[in-house]
Amino acid sequence: MSEVLVVVDHVDGAVKKPTYELLALAARLGEPSAVFIGAAAEGDAVAEAVKGYGAEKVYVVDDAQIKGYLVAPKAEALEQLVAKTSPAAVLIPSSAEGKEVAARLAIKTSSGLITDAVDVQEGGVTTQSVFAGNFTVTAKVTQGTPIITVKPNSAAPVEKAGAGTVEQFDAVISDAAKTAQIVASQPRQSTGRPELTEAAIVVSGGRGTGGNFEPVENFADSMGAAVGASRAAVDSGWKPHTFQVGQTGKTVSPQLYVAAGISGAIQHRAGMQTSKTIIAVNKDEEAPLFELVDFGVVGDLHSVLPAATEQINAR
Ligand code: FAD
């Protein structure tokens, strides 16, 4: 069975959930192998983490020549790994960086590229939601090695024992790939909540909050959810742009999306309509979002959310 390379999403060796989701999808296409580009000393710990999710092999690519630069050295390392392993596909998390690495890798290997897939089936058939969610496309790469980026929360991680055999891979990084250096990078201040695009539950507030996000945040915290916002809330200065869900914000695909005081404009839907279950709280029963939801609550969010929070916290 051919290998399927899964690029590990991690922060300083701490493996993030999308990696496990990609491993579950990779198992549909062949034998999952994780590719850890990071400090060589963290390779064993990463292998320990991913082998519980079916990774048979873990390629450890020491990032000594990679991490001080933007994405070109990463793409070069992956190109060399693809040449060595001839994988059935390469799966990469759909982050901004992941998509750029994927695009460069596709060019370097003369391969087809599919970005922002929300599903990958046997045979490499992918599903994408495009044009602000107005179309669902099923597509398949027909040239080279399929390079596929997959949105977070597109699959449930599957716990399954893999061998997790560690193999060091020495990539040779050219000077040409080292032309864009990172001068400084600062981690975003943690809110203590899950990352918006990775959270299993997202609770978003809109103009209907009137700028008071407390009910939205308390409700989110009662369920361990991330907090999002509509553009109207962001444009009003109630939340920074990093919270925005939608066409010009982030795309989320959680198990549960709760929209409070959000009308459901097409540009907002574009960022959340692939959520598995959608609940809206809106005082206007004609709000367009009610057409899309699984459950709708007609009411004032300032009373509905605190009541729901109280019930959940009482459990
Ligand atoms: P509104 O449309 O004003 O809706 C507020 C809702 O709150 C209403 O339905 C109202 O009934 C309800 N409400 C009021 N008070 C309460 C209460 N007390 N309790 C319960 N409900 C209440 N929008 C995005 O969100 N994300 C994007 O990325 C985005 N990108 C865009 C890109 C372009 C090019 C354009 C043109 C627009 C974009 N927009 C985006 C804006 C989008 O068109 C809408 O204007 C925006 O989504 C509206 O936000 P809202 O639903 O919070 O506000």
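The structure this text deals with has already been given above.
Predicted, not measured: the structure shown is a model, and the values here were computed from it. (Residues numbered from 1 in each chain as written. Predicted model: local features only at pLDDT ≥ 70, side-chain atom pairs only at ≥ 80, totals over all residues. Heavy atoms only, no water.)

(A) View of the overall build of the chain. Each helix and strand in the chain was counted, giving eight helices and 16 strands. The C-alpha atoms of the chain give a radius of gyration of 21 Å, which matches the 20 Å a tight globule of 315 residues would have. Counting only C-alpha atoms, the chain reaches 60 × 40 × 40 Å along its principal axes. Burial status across the chain gives 48% buried among its 315 residues. Long-range contacts, defined as pairs at least 24 residues apart, comprise 66% of the intrachain contacts of the chain with a sequence gap of at least 6. In the structure as shown, the chain presents an accessible area of about 14700 Å², 49% of it carried by carbon and sulfur atoms. Taken together, the 25 basic and 35 acidic charged side chains of the chain have centroids lying 3 Å from each other. (Helix = DSSP H or I, 4+ residues; strand = E, 2+ residues; numbered from the N terminus. Rg over C-alpha atoms; globule rule 2.2 N^0.38 Å. Buried < 20%, exposed > 50% of the residue type's maximum accessible area, 1.4 Å probe, protein only. Contact = heavy atoms within 4.5 Å. Areas by Shrake-Rupley, 256 points an atom, 1.4 Å probe, with all protein chains shown as cover. Lys, Arg positive; Asp, Glu negative; His and termini not counted. Charge placed at Lys NZ, Arg CZ, Asp CG, Glu CD.)

(B) View of the pattern of salt bridges. Applying the stated criterion to the full structure yields 16 salt bridges. Put simply, Lys 51 and Glu 48 hold a salt bridge, and the shortest N to O gap is 3.6 Å. With a relative accessible area of 51%, Glu 48 lands in the exposed category. Between Arg 231 and Asp 235 there is a salt bridge, with its nearest N and O atoms 3.2 Å apart. Highlighted residues: Arg 231 and Asp 235, both in helix H6 (residues 231-235), separated by four residues, approximately one helical turn. (Salt bridge = Lys/Arg side-chain N within 4 Å of Asp/Glu carboxyl O.)

(C) Main features of the sheet that holds strand E1 (residues 3-7). Read from one edge of the open sheet, nine strands run E9-E8-E7-E10-E6-E1-E4-E5-E11, paired in mixed fashion. Two strands in the sheet have a free side with no partner beyond their single neighbour: strand E9 (135-139) and strand E11 (165-168). Across the sheet, the mean angle separating the axes of adjacent strands is 35 degrees when strand polarity is ignored. Across four bridges, the pairing between strand E6 (residues 89-93) and strand E10 (residues 147-150) is parallel. Across the sheet, Leu 91 pairs through a bridge with Ile 148, a residue of E10. Seen against the sheet, helix H1 (residues 17-26) touches E1, strand E4 (31-38), E6, strand E7 (113-121) and E10 and runs at an angle of roughly 165 degrees to E1. Against the sheet, helix H3 (residues 72-85) makes contact with E1, E4, strand E5 (57-62), E6 and E11, and its axis sits at roughly 165 degrees relative to E1, the strand it touches most. (Pairing = 2+ DSSP bridges. Axes fitted to C-alpha atoms, helices over the stretch in contact; angles between N-to-C directions.)

(D) Molecular detail of the nonpolar core. Counting residues in each nonpolar core, the largest one holds 27 residues, and the members touching the most others are Val 50, Leu 91, Val 120 and Val 150. Elements supplying a minimum of two residues to this core: E1, H1, E4, helix H2 (43-50), E5, E6, E7 and E10. It is H1 that provides the largest number of residues to this core, a total of five residues. Those residues in contact with Leu 91 that lie beyond four places of it in its chain are Val 4, Leu 5, Val 6, Val 7, Leu 22, Leu 25, Ala 26, Leu 29 and Ile 148. Formed by 24 residues, the second largest nonpolar core is a distinct cluster that contains Val 7, Leu 78, Leu 81 and Val 82. (Core = buried A, V, L, I, M, F, W, Y, C linked by side-chain atoms within 4.5 Å.)

(E) Layout of the environment of Leu 25. Here Leu 25 shows up in helix H1. In this structure the C-alpha to C-alpha distance between Leu 25 and Ile 37, which are twelve residues apart in sequence, comes to 20 Å.

So, to be careful, I would describe these as geometric facts and stop short of saying anything about function.
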